[in-house]
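As a plain string of letters, each chain reads:
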Amino acid sequence: PNLRNMVEGLQIRGLREGEEAKWLDLLGEAFADKGVTRDFFQRHAEADPHWCRESVRVCCEGEMLVSTVRVYLRKMRVYQRKVVDDASSAVVEIDVGAIGDVATVKSHRRRGIAALLLHNAHEYMESVGCDLAVLHTSVSKLAAYYATHGYVPVPIKSVVIHLAPKSAKAAHAAASQVLTTEVVPTLVGAPDLTATIAEIHRRGIESLTGCFARTTEYWGQWIADATRPGAGYTIRVVRDARANCVGYGLSRVGAGPVYGGVLQITEFFCSAQHDEDRQACFLCYLDAEIAGCEVRPQRVRILPSTIDATWLASVVGVAPVESANLIGAPVQEGGTLVCSEQNADGTSLWTDEGQMFRAVGRPTADTHPGTWFGDGISFTFFSADSF
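Residues numbered from 1 in each chain as written. Predicted model: local features only at pLDDT ≥ 70, side-chain atom pairs only at ≥ 80, totals over all residues. Heavy atoms only, no water.

(A) Structural view of the overall build of the protein. Helices and strands together make up the secondary structure of the protein, namely 10 helices and 16 strands. Burial statistics for the protein: of 387 residues in total, 47% are counted as buried. Sequence-distant contacts in the protein: of pairs separated by 6 or more residues, those separated by 24 or more amount to 72%. Carbon and sulfur atoms make up 52% of the accessible area of the protein, which amounts to about 18,800 Å² in all. (Helix = DSSP H or I, 4+ residues; strand = E, 2+ residues; numbered from the N terminus. Buried < 20%, exposed > 50% of the residue type's maximum accessible area, 1.4 Å probe, protein only. Contact = heavy atoms within 4.5 Å. Areas by Shrake-Rupley, 256 points an atom, 1.4 Å probe, with all protein chains shown as cover.)

Here is the structure:
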């Protein structure tokens, strides 16, 4: 074995057959104080069509698993466009390894094991042909730590709308006469609807970079599990007068000191070709989402989408922005989320610098994606939850 994988009697390797229960026990114990259960990690493994034992890197002391890092194997779409000749535009897919499920038992913490595992995870990614390593953290200290391992921030931009006490303006009425919405309780057993939503998504991300490619299996397993009742996310479709699905969105109501009571729309796409039709579709969707909340949200956070924020603020009832709200300071102390801009129209721009990328198999000085993807690449990542 590689000497770098053998330190003080510890061995770093891939998970072996029959060790799944030990691995889940380790994760359940390590995340117990954060309220994340063993069942959460088991469902994540079972619902992931790309999961394999070798992608789970573990550190062992004898037969005991003491630390782990999981590599989520994905394909990322990169839109390549020449500035002069749009006809030469093309979409390529690169292999990506997303870092997650990082955990060490209490007895073995602060011994540098996590750093060794991260290095081993990068070696594993290189061995299976990954071009890029990605991760997300909400803690600024961890972001600084990952930076020492070659990661650079690729911020996630989102627009926050501060809603007025009353519902949105009457401009929505015309759209609601021809469009309806419904929550999809489950994608399981609904192959036709799943295929329609998948096609709307595929067309919606054609000219975007940073989105994970979704196969039929990915929709039917990973997305279906994330949107099952009680999982946290809601998938809502928009239908036209003929009951055809013409749009969909993924959302959840946040929790905790930062996102508590905030309606978060992590993605929205529709099949309409014209701006007015897309806007009507989104307004219908947004109205239904707000009405569906048990308690009317004061804020709506919308991650990157095709909806123009200035236009949206003009048709949605918004509240005045409090000038005392700190600009450029973390929304939560020690966090990676920053309120970077406040607008008089009732919107604000939030920047999450916890999303970080690292080139795999390249010198540390050449790890920023902008230096090796080429000019004209705009990173647009739709969810910190790595859909």
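Resuming the write-up.
(B) Up close: the packing of aromatic side chains. Tallied over the full model, the rule gives 12 aromatic pairs. Between Phe31 and Phe41, the ring centres sit 5.1 Å apart and the planes meet at 45 degrees, which makes this aromatic pair tilted. You can see Phe31 sitting in the loop between helix H1 (20-30) and helix H2 (38-47) and its partner Phe41 sitting in helix H2, a full 10 residues away along the chain. Like Phe41, Phe31 is buried. Where Tyr248 meets Phe269, the ring centres are 6.2 Å apart and the plane angle is 40 degrees; that geometry is what we call tilted. Taken as a pair, Tyr248 in strand S11 (residues 245-253) and Phe269 in strand S12 (residues 262-270) lie far apart in primary sequence, 21 residues in all. Accessibility assignment for this pair places Tyr248 and Phe269 in one class, buried. Three or more aromatic residues joined by ring pairs form one cluster here, namely Phe31, Phe40 and Phe41. Across from the ring centre of Tyr72, 3.7 Å away, lies the NZ or CZ of Arg70, which sits over that ring. (Phe/Tyr/Trp six-rings, centres within 6.5 Å; stacked < 30°, edge-to-face > 60°. Lys NZ or Arg CZ within 6 Å of the ring centre and 35° of its normal.)

(C) Focus on the state of the cysteines. Under the defined criterion, the tally for this structure stands at 0 disulfides. Here Cys59 is not disulfide-linked; the sulfur of Cys60 is the nearest cysteine sulfur, at 6.5 Å. In this structure Cys59 comes out as buried when scored by relative accessible area, which is 1%. (Disulfide = S-S within 2.5 Å.)

(D) Local environment of the environment of Val258. Within the secondary structure layout, Val258 lies in helix H8 (residues 256-259). Along the sequence, Val258 and Leu337 sit 79 residues apart, while their C-alpha atoms lie 9.0 Å from each other.

(E) How the structure looks around the side chain of Arg301. Here Arg301 lies in strand S13 (residues 299-302). It turns out Arg301 is buried and unbridged, and the closest side chain with the opposite charge, Asp352, is 4.7 Å from it. Polar side-chain contacts of Arg301 include one of 3.0 Å to the side chain of Gln264. (Lys, Arg positive; Asp, Glu negative; His and termini not counted. Salt bridge = Lys/Arg side-chain N within 4 Å of Asp/Glu carboxyl O. Polar contact = N/O pair within 3.5 Å; in protein donor to acceptor, adjacent residues only side chain to side chain.)

(F) Just the sheet that holds S11, in detail. In space, the 8 strands of this open sheet follow the order S9-S10-S11-S12-S13-S8-S15-S14, with mixed pairing throughout. Each of the sheet's edge strands pairs with one partner strand only, and the pair in question is strand S9 (180-183) and strand S14 (337-342). Adjacent strand axes in the sheet meet at a mean angle of 30 degrees, parallel and antiparallel pairs treated alike. Where strand S8 (residues 156-162) and S13 come together, 4 bridges link them in antiparallel fashion. Across the sheet, Val160 pairs through a bridge with Arg301, a residue of S13. Contacts from helix H9 (residues 275-292) reach S9, strand S10 (234-239), S11, S12 and S13 within the one sheet, and its direction differs from that of S12 by about 150 degrees. (Pairing = 2+ DSSP bridges. Axes fitted to C-alpha atoms, helices over the stretch in contact; angles between N-to-C directions.)

(G) Region of the structure containing helix H6 (residues 191-204). For H6, with 14 residues, the first-to-last C-alpha span of 20 Å sits near the 20 Å given by 1.5 Å per residue. Every buried residue of H6 is accounted for by Leu193, Thr194, Ile197, Ile200 and His201. Along the long axis of H6, the arc covered by the buried residues comes to 125 degrees, so they all point the same way. Exposed residues on H6 whose side chains face more than 90 degrees from its buried face are Pro191, Asp192 and Arg203. Of the surrounding elements, those touching the buried residues of H6 are helix H7 (216-226), S10, S11 and S12. (Expected span 1.5 Å × (residues − 1). Arc of directions from axis to C-beta.)

(H) View of the pairing of S11. The buried fraction of S11 is high, at 7 of 9 residues. In this sheet, S11 lies alongside S10 in antiparallel orientation, the contact comprising 6 bridges. Paired with Arg239 across the two strands is Cys245, which belongs to S11. Hairpin geometry of S10 and S11 is characterised by an intervening segment of 5 residues between the two adjacent antiparallel strands and by a positive phi of about 70 degrees at Ala243. Here 7 bridges tie S11 to S12, and the two strands are oriented antiparallel to one another. The residue bridging Gly249 from the neighbouring strand is Phe268, located in S12.

(I) Highlighting the packing of H1 against H2. Between H1 and H2, the shortest axis-to-axis distance is 8 Å and the interhelical angle comes to 130 degrees. The angle between H1 and H2 falls in the class oblique. Seen from above, H1 lies across H2 with right-handed handedness. Between H1, through Ala21, Trp23, Leu24, Asp25, Leu27 and Gly28, and H2, the contact on the second element is made entirely by Arg38, Phe41, Gln42 and Ala45. Split by residue class, the contact of H1 with H2 holds 6 nonpolar, 2 polar and 2 charged. (Parallel < 35°, antiparallel > 145°, perpendicular 65-115°, else oblique. Left-handed = near helix turned anticlockwise from the far one by under 90°. Nonpolar A, V, L, I, M, F, W, Y, C, P; charged D, E, K, R; others polar.)

By themselves, these are just geometric observations and shouldn't be taken as functional.
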